[in-house]
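# Fold and contact review
This is what each chain is made of:
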Amino acid sequence: MKGQSESQAGAETTQGLWRERLYNPYTVMWLVVLMYTIKVATKLTAGYLTNSPVFISDGYHNLSDILQAFAVMVVVYMARRPPNTDYPLGKSNIEFFSSLVIGLSLLVLGAQFALQSLVGLLYYLPQTDQAVRAYITFLPDHKPLLTDASSYPWLIGIMAGSGLLSWLVSRYQITVGRSTGHTSLVADGEETASDGRIELIAMLGVVGQFLFGAPWLEYPLALLVATLVIHTGKELFMQAFRALLQHALPQEVEEEIRDITLDVAGVSDLLALKTFQVGQVAVCLLTLRTKLGAEKVGFVRLGVEQRLTDYLKEAGYISSKIHLKFKGEAVRRYRIAYAMAQADTGMVVAPDLQAASHLAICDVEDGHITRARMEVKPAQPEPFLQEKLVDRLFVFSAGQQAPALKQLIAVKPGEKAIEIVQSTVLMPDLLGL
Amino acid sequence: MNPKQTKLIIGVDYFRNIDRVPNLSFARALMQYLDVELIHVRATAPGADLTHLAEEQATRIRQDVSRLTQIPEDCVVIVPDFPPGALIIDNYPDRNRQNLIWLAPMDERGLTTRLRGAAAEASIMVPFGNGNSCLKALRLAAPIARGSGAALLFYHTTWKIPGLTSLKADDHMCREAIAIRKQLEEEATSLSLPFQTLIETAEDVADGIVQAAVLQRSRLIVMPRSQTVEVGDYCLRVFDKSPVPVITIGKEVSS
């Protein structure tokens, strides 16, 4: 029994080790280097043998992809360095520089590809070509494939294999990039996928020429691919640009953060929310209002932090840093007074100021009496009340209507005249006196 | 007798305590969930030579409560004291009144005011231990859960059994707690109420309860006061720490 559980544990450890290796960003990037080395060798050989400018230029393009792969490895290495006192959130933002460059290079590649495709299409419309070239003099010359029947299968095979390889490796790069939070890996994966699309279109061109003697078929499709490449390039560029300039997290994410925060018991209001992204880490700075004391606020903090962390993980961020600041309620303070008179059972609220023997001076915070002091009514009560900055004097006279609480707490600032108001209660214990 | 009036009496103290408005808002929300029509407001009546003003004060209080809660004036009952077993909404309960049920709303205005998503995603927590006093809590929590649409959450935290390596908290439960869990779940099933049971091995029982309530989106914690513990009653410790509203059922409240 023991032996069985030990071997099971051993198998789990080996499995974990393999998974760790498989999801290692360097493993992926070395695979990318290997893939592009094979591509460069085959494309350049085939290109020079068949005198194909498409294969030769694509071969050299792949050579630059190898250099890019090494650059991504350097970026990943730097991004993985632990945070220190100079860089408390680490250096993972460096990945967005590489995303920015890859995005830009995809935009250039897409534009070049679109231009080449337009030139290719114009080649089959000689009159239009001539007219366009009269206005746009810098248009490049069209370079058709120089192939024969014996080389077609080889060229189709190389491009098809190359395209398939690009697609598989790009999926692997993107999966690992997302699970490890390496933006540059995802961006490079998108670039690899774009290469694959271009290779597919080049293959279709060869097939078109081989089967129908119609190589022009390649160009409308190539225009479509160029649009896709430009779109991907723009997305990567904008994502990196926003992250580097610490753009707020997407609006829908911020709205969800707001909703989740206000859903936690004890949060009266969300006063301020600032969000941005460092690498794949979401950073949220929240200022919250609460009426609760320190012991309870500890649990409010826990609730907000935990629930936002869970949500941001669901939203695709590798981790999050939540900074919470709590502010108490802004208290509005003012002063009121109760006219008090002696009854058989003790003090009660007097029917009017004249009948009062005492004045209860009450400090009010947001409509609630927090401090009350009983004073003997002076001979001149009005100046005394004014000196005490009392806004309202409460009395309890029969047959009158007491105003609503909302009216009572709506103090007009700077108002000096003392208003006489009917009290709801007669008994002082109901006021806390 | 009003046909909508149930056995439960919901009350608030008309004292100037700083939470009067939240108390009334929560009371109104509870009245809706439990289909209770009357609210009992405790206020001292003037005596001796001022008895003729008692009705005038009562009228003014009724008007005030009605304006704050939108409850009709004739549904506001002024009482000199609460009858045993009444459910009183107050953040400052009188801990010596063991024949009352106290609900501290903290800073909440009701169970559904923060509602986000489906009502059933929120929960009403009934923590349980080794004793059957939690069944008393379930009997109070069940109609509130039904009325508000929230699910019940049975929570238990246990100490780890020394030497037992299992990471599953359930495996560390004692026999009595397992039996209580079964009873709670059977009762919830018989009442056709949705429920979930969460077992943990928290470092501290009160902290575990409050933490779970916050993370599981509980809108209310319902706990009975311990019959035997004199110092450190979990119920009171939860009350002191929780931002989530807490109902504490007094020792002398019969089930």
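Residues numbered from 1 in each chain as written. Chains lettered and ligands numbered in written order. Predicted model: local features only at pLDDT ≥ 70, side-chain atom pairs only at ≥ 80, totals over all residues. Heavy atoms only, no water.

For chain B, per-residue confidence averages 87 on the pLDDT scale, and 93% of positions sit at 70 or higher. Across residues 1-5 of chain B, where pLDDT falls below 50, the model places seven contacts with residues more than four positions away in sequence or in other chains. (pLDDT = per-residue confidence, 0-100. Contact = heavy atoms within 4.5 Å.)

All names here are of chain B. Along the polypeptide, E187 turns up in helix α4 (residues 175-190). Placed 49 residues apart in sequence, E187 and L138 show a C-alpha to C-alpha distance of 8.6 Å. Apart from residues no more than four positions distant in its own chain, E187 is found in contact with L135, L138 and R139. (Helix = DSSP H or I, 4+ residues; strand = E, 2+ residues; numbered from the N terminus.)

All names here are of chain A. Taken together, the three strands give an open sheet; going across it, the order is β1-β2-β3, and neighbouring strands pair in mixed fashion. Pairing within the sheet leaves two strands with one partner each, and these edge strands are β1 (269-278) and β3 (319-327). Sheet twist, expressed as the mean angle between neighbouring strand axes with direction ignored, is 15°. In the sheet, strand β2 (residues 281-289) pairs with β3 via nine bridges, with the strands oriented parallel. Across the sheet, residue R289 finds its bridge partner in β3, namely K327. Strands β2 and β3 of the sheet are contacted by helix α10 (residues 294-314), whose axis makes an angle of about 150° with β3. (Pairing = 2+ DSSP bridges. Axes fitted to C-alpha atoms, helices over the stretch in contact; angles between N-to-C directions.)

Glancing now at the domain arrangement of chain B. Residues and elements named next belong to chain B. According to the domain assignment, chain B consists of domain 1 (10-87) and domain 2 (111-249). For domain 1 versus domain 2, the distance between C-alpha centres works out to 31 Å. Contacts between the two partners involve five residues from domain 1 and, on the opposite side, eight residues from domain 2. Buried surface at the junction of domain 1 and domain 2, both sides included, amounts to about 590 Å², of which 80% is carbon and sulfur. Per-residue buried area on domain 1 facing domain 2 is highest for F26, Y33 and L34; these three make up 77% of the total on that side. Inspection of the region where domain 1 meets domain 2 yields zero salt bridges. Where domain 1 packs against domain 2, one counts one residue pair in polar contact (both at pLDDT 80 or more). Considering every element that reaches the side of domain 1 that touches domain 2, the biggest residue donor is helix α1 (residues 20-34), with four residues. (Domains from an automatic or database assignment. Buried area = accessible area lost by both parts, 1.4 Å probe. Salt bridge = Lys/Arg side-chain N within 4 Å of Asp/Glu carboxyl O. Polar contact = N/O pair within 3.5 Å; in protein donor to acceptor, adjacent residues only side chain to side chain.)

Let's shift gears to the sheet that holds strand β3 (residues 76-79) of chain B. Residues and elements named next belong to chain B. Strand order in the open sheet made by the ten strands is β3-β2-β1-β4-β5-β10-β9-β6-β7-β8, with mixed pairing throughout. The two strands at the open ends of the sheet, each matched to only one other strand, are β3 and β8 (195-200). Strand-to-strand twist of the sheet, defined as the mean angle between neighbouring strand axes without regard to direction, takes the value 25°. Where strand β9 (residues 218-224) and strand β10 (residues 246-249) come together, four bridges link them in parallel fashion. Within β10, the residue paired with M223 across the bridge is T248. Its contacts with the sheet place helix α6 (residues 234-241) against β5 (101-104), β9 and β10, and it is angled at close to 150° to β9.

Okay, the interface of chain A and chain B next. With 48 residues of chain A at the interface, the matching set in chain B holds 44 residues. Taking both sides of the interface into account, the surface hidden between chain A and chain B amounts to around 3,800 Å²; carbon and sulfur atoms contribute 57%. The interface formed by chain A and chain B includes four salt bridges. The partner of R217(B) in a salt bridge is D263(A), and the shortest N-O contact between them spans 2.8 Å. The tally of links between chain A and chain B comes to 13 residue pairs in polar contact (both at pLDDT 80 or more). Those elements giving two or more residues to the side of chain A that touches chain B turn out to be α9 (251-263), α10 and β7 (368-376) of chain A. Ranked by residue count, the leading element in the side of chain A that touches chain B is α10(A), at eight residues.

On inspection of all chains with the given rule, the structure shows five aromatic pairs over all chains. Considering the side-chain rings of W30(A) and F70(A), the 5.7 Å spacing of their centres and the 80° angle between planes classify their relative orientation as edge-to-face. With a gap of 40 residues between them, W30(A) in helix α2 (residues 25-50) and F70(A) in helix α3 (residues 53-79) connect regions that are remote in the sequence. For F70(A), a relative accessible area of 35% corresponds to the partly exposed category. Ring geometry for Y338(A) against F394(A): centres 4.9 Å apart, planes inclined by 20°, an arrangement best described as stacked. Separated by 56 residues along the polypeptide, Y338(A) in strand β4 (residues 333-343) and F394(A) in strand β8 (residues 390-395) bring together distant segments of the chain. It is K296(A) that lies over the ring of F239(B); its NZ or CZ is 5.7 Å from the centre. A cation over a ring is seen here: R60(B) above F396(A), with NZ or CZ 4.0 Å from the ring centre. (Phe/Tyr/Trp six-rings, centres within 6.5 Å; stacked < 30°, edge-to-face > 60°. Buried < 20%, exposed > 50% of the residue type's maximum accessible area, 1.4 Å probe, protein only. Lys NZ or Arg CZ within 6 Å of the ring centre and 35° of its normal.)

Residues and elements named next belong to chain A. Secondary-structure assignment places L223 in helix α8 (residues 218-244). Judged by its relative accessible area of 26%, L223 is partly exposed. Residues L223 and V186, 37 residues apart in the sequence, show an inter-C-alpha distance of 24 Å.

Residue and element names in this part refer to chain B. Scanning all chains against the criterion turns up six cavities of 30 Å³ or more. Put simply, the second largest cavity is a space of about 80 Å³. Lining the second largest cavity are 13 residues, with R95, W102, R225, L236 and T248 sitting closest to its centre. Looking at the lining of the second largest cavity, the elements that each hand over two or more residues are α6 and β10. Its residues assigned to classes, the lining of the second largest cavity shows six nonpolar, three polar and four charged. (1 Å grid on protein atoms, 1.4 Å probe; cavity = no way out; pocket = protein on both sides within 12 Å on 5 of 7 lines; lining within 4 Å. Points joined across faces, edges and corners; volume = space filled by probe spheres on them. Nonpolar A, V, L, I, M, F, W, Y, C, P; charged D, E, K, R; others polar.)

Let us look at a nonpolar patch on the surface. All names here are of chain A. Taken together, the side chains of Y123, Y124, F210, L211, F212, W216 and L217 define a hydrophobic patch exposed on the protein surface, amounting to about 730 Å² of accessible area. When residues in the nonpolar patch are grouped by element, the largest group, three residues, is from helix α7 (residues 183-212). Within the secondary structure layout, F210 lies in helix α7. Judged by its relative accessible area of 41%, F210 falls in the partly exposed class. (Patch = residues over 30% accessible without salt bridge, like charges linked within 9 Å, V, L, I, M, F, W, Y side chains within 5 Å. Areas by Shrake-Rupley, 256 points an atom, 1.4 Å probe, with all protein chains shown as cover.)

Once that is clear, we can look at the state of the cysteines. Residue and element names in this part refer to chain B. Counted by the stated rule, this structure contains zero disulfides over all chains. Distance from the sulfur of C134, which forms no disulfide, to the nearest cysteine sulfur (C174) is 12 Å. Residue C134 is classed as buried on the basis of its relative accessible area, which comes to 3%. (Disulfide = S-S within 2.5 Å.)

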